[in-house]
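# Coordinate analysis (summary)
Residue-level listing of the chains:
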Amino acid sequence: MGYEQVQLILREGTGGDFWYMPEKGSLPRMKIGADYNTWREVVACLIHETQEMLLDRNNLRFNPTHTISPRDHAAYIFIMTHPQFHDVCAKTADFIAVCLPDLKRAWGKWRKKK
């Protein structure tokens, strides 16, 4: 994602999440839920998590509640300039273009198991 490598994992459930250092010395990790009925929903989740991770990494995601934990994820706001938005979109496109074929294969195998 940009100059940063991110491990992408398909997991059970829906929704997604990301972690900058899930274990000591590991790559940042993004998990995408596989239990969707359509491929479009998987891709939407991937786009959502990719953009949110980039926005957070670039200090463009804010929590107006001023609390650290527990976080209300619905409360996040994003503030950026148009050039910053363009950068997030470009990095999202780069990441998705690279990982989408492997993710589609993995999701197809996941669906066959169900």
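It should be noted that the structure appears before, not after, this text.
Residues numbered from 1 in each chain as written. Predicted model: local features only at pLDDT ≥ 70, side-chain atom pairs only at ≥ 80, totals over all residues. Heavy atoms only, no water.

Since the α-helix turns once every 3.6 residues, residues separated by three or four places project in the same direction. Taking 1.5 Å of rise per residue, the 32 residues of helix α2 (residues 82-113) would be expected to cover 46 Å, and the 43 Å separating its terminal C-alpha atoms lies within 8% of that figure. For α2, the principal kink sits at Cys99 and spans about 45 degrees; a proline, Pro101, occurs within the next four residues. Buried within α2 are the following residues: Val88, Thr92, Phe95, Ile96, Cys99, Leu103 and Trp107. Contact partners of the buried residues in α2: β1 (7-11), β3 (29-33) and α1 (39-57). (Helix = DSSP H or I, 4+ residues; strand = E, 2+ residues; numbered from the N terminus. Expected span 1.5 Å × (residues − 1). Bend = angle between axes of the 7 residues up to and from the residue. Buried < 20%, exposed > 50% of the residue type's maximum accessible area, 1.4 Å probe, protein only. Contact = heavy atoms within 4.5 Å.)

Okay, α1 next. For α1, which comprises 19 residues, the first-to-last C-alpha distance of 27 Å matches the rise-based estimate of 27 Å (1.5 Å per residue) to within 8%. Listing the buried residues of α1 in full gives Trp39, Val42, Val43, Cys45, Leu46, Glu49, Thr50, Glu52, Met53, Leu54, Leu55 and Asp56. Along its buried surface, α1 packs onto β1, β2 (16-19), β3, β4 (61-62), β5 (77-78) and α2. After α1 finishes, the residue Asn59 shows a positive phi value of roughly 55 degrees.

A few words now on the pattern of salt bridges. Two side chains bearing opposite charge may form a pair once their charged atoms approach each other closely. Summed over the entire model, instances satisfying the criterion amount to seven salt bridges. The closest approach of N and O atoms between Arg61 and Glu52, which form a salt bridge, is 2.7 Å. Take Arg61 and Glu52: they sit in the same class, and that class is buried. Between Arg105 and Asp102 there is a salt bridge, with the nearest N and O atoms lying 2.3 Å from each other. Remark: Asp102 and Arg105 occur in helix α2; sequence separation between them is three residues, near one turn of the helix. Residue classification places Asp102 among the partly exposed residues on the basis of a relative accessible area of 48%. (Salt bridge = Lys/Arg side-chain N within 4 Å of Asp/Glu carboxyl O.)

Geometric values such as these leave the question of function open.
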